[in-house]
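# Geometric and topological summary
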Amino acid sequence: MDSVIVIRRAVLVLVVVTACAIVGSSEGKSILVGGSQGWRAGTNYTQWTMQNSPFHINDTLAWNAVFKYPAPNNTTAGQSVYEVTNMWSYTTCEFRGAKVLGNSHEGGGEGFKVKLNEWRPYYFASPENGASDCIAGLTKFIAIPTPYTSHHHTTATFNP
């Protein structure tokens with residue numbers, strides 16, 4: 001009878017330790033979207049996502065200093081970043097109800113950051129040029145952060 005209690009306690013301790021390891025770190029890594037190239041029209045960010053996954057809860061995506069892109073000028077079109085509401089909107093490039101994360105001027109300088117603080121899909125896309133890049137599968141990606149299972153953190157970059 002005593003051995004059953006010891007085993008049950010050992011199992012309970014193992015479950016608690018495992019749960020703590022999964023929830024683990026509240027820190028996340030900082031990931032520059034698009035690496036040194038930044039967020040730009042006509043780029044396959046699905047490929048970038050595959051090279052830089054997995055994403056974890058509390059990771060921070062940066063446009064520039066995580067999300068970064070040039071301001072519009074005579075040679076470059078303006079870019080923006082939206083978070084669309086669901087897979088249907090992402091697939092069909094429907095931006096009604098989408099949240100503007102960064103307009104065409106917010107990607108310059110230090111850029112802006114988006115913290116992945118929930119375990120859910122985040123759908124990012126750009127509607128520029130009538131959403132033609134988005135419809136072609138470019139200038140958009142999905143990030144689905146998961147809990148960390150270790151305390152190893154790195155910074156990922158994209159090198160096309």
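Residues numbered from 1 in each chain as written. Predicted model: local features only at pLDDT ≥ 70, side-chain atom pairs only at ≥ 80, totals over all residues. Heavy atoms only, no water.

### What about the overall build of the protein chain?
Across its full length, the protein chain carries 4 helices and 7 strands. The N-to-C order of helical and strand elements in the protein chain reads α-β-α-β-β-α-β-β-β-α-β. The burial tally for the protein chain puts 38% of its 160 residues in the buried class. When contacts within the protein chain are restricted to residue pairs at least 6 apart in sequence, those whose partners lie at least 24 apart make up 75%. Surface accessibility of the protein chain: about 9000 Å² in total, with carbon and sulfur atoms responsible for 59%. (Helix = DSSP H or I, 4+ residues; strand = E, 2+ residues; numbered from the N terminus. Buried < 20%, exposed > 50% of the residue type's maximum accessible area, 1.4 Å probe, protein only. Contact = heavy atoms within 4.5 Å. Areas by Shrake-Rupley, 256 points an atom, 1.4 Å probe, with all protein chains shown as cover.)

### A closer look at unusual backbone geometry
Pro54 follows Ser53 through a cis peptide bond whose omega is 5°. The backbone phi angle of Cys93 is positive, close to 60°, even though this residue is not glycine. By the secondary structure assignment, Cys93 is in the loop between helix 3 (87-92) and strand 4 (99-102). Phi is positive for Thr139, close to 50°, though the residue is something other than glycine. On the basis of relative accessible area, Thr139 is assigned to the buried category, the value being 1%.

### Some thoughts on the confidence of the model for the protein chain
Within the protein chain, residue pLDDT values average 74, and 64% of them lie at 70 or more. The lowest-confidence element of the protein chain is helix 1 (residues 2-23), averaging 36 in pLDDT; the highest-confidence one is helix 3, averaging 96. Long-range and interchain partners of residues 151-160, a stretch whose pLDDT sits below 50, account for 21 contacts in this model, where long-range means more than four residues apart. (pLDDT = per-residue confidence, 0-100.)

### Topic: helix 4 (residues 128-135)
Residues of helix 4 that are buried: Ala131, Asp133 and Cys134. For helix 4, the angular spread of buried residues about the axis comes to 135°, placing them on one side. Set apart from the buried face of helix 4 by more than 90 degrees, the exposed residues are Asn129, Gly130 and Ile135. (Arc of directions from axis to C-beta.)

### Re the pattern of salt bridges
In total, this model carries 3 salt bridges according to the counting rule given. Here Glu94 makes a salt bridge to Arg96, at a shortest N to O gap of 3.2 Å. Arg96 gets classed as exposed once you look at its relative accessible area, which sits at 67%. Between Arg120 and Glu118 there is a salt bridge, with the nearest N and O atoms lying 3.7 Å from each other. Under the relative-accessibility criterion, Arg120 is labelled partly exposed at 26%. In the salt-bridge network here, residues are joined through shared partners; they are Glu83, Glu118 and Arg120. (Salt bridge = Lys/Arg side-chain N within 4 Å of Asp/Glu carboxyl O.)

### What to know about the packing of aromatic side chains
Enumeration according to the criterion identifies 10 aromatic pairs in this entry. Ring geometry for Tyr45 and Phe141: centres 6.4 Å apart, planes at 40°, overall tilted. Of this pair, Tyr45 sits in helix 2 (residues 45-52) while Phe141 sits in strand 7 (residues 140-143), and the two are 96 residues apart along the sequence. Here the two residues Tyr45 and Phe141 agree in accessibility, since each one is buried. Note on Tyr90 and Tyr123: the rings are 5.7 Å apart at their centroids and 40° apart in plane angle, and the pair reads as tilted. With a gap of 33 residues between them, Tyr90 in helix 3 and Tyr123 in strand 6 (residues 122-125) connect regions that are remote in the sequence. Given the relative accessible area of 10%, Tyr123 is considered buried. Three or more aromatic residues joined by ring pairs make a cluster, and in this case those are Trp39, Tyr45, Trp48, Phe55, Tyr122, Phe124 and Phe141. Looking at Arg120, its charged tip hangs above the ring of Tyr122, at a distance of 3.8 Å from the centre. Between Lys140 and the ring centre of Tyr90, over which it is positioned, the NZ or CZ distance is 4.5 Å. (Phe/Tyr/Trp six-rings, centres within 6.5 Å; stacked < 30°, edge-to-face > 60°. Lys NZ or Arg CZ within 6 Å of the ring centre and 35° of its normal.)

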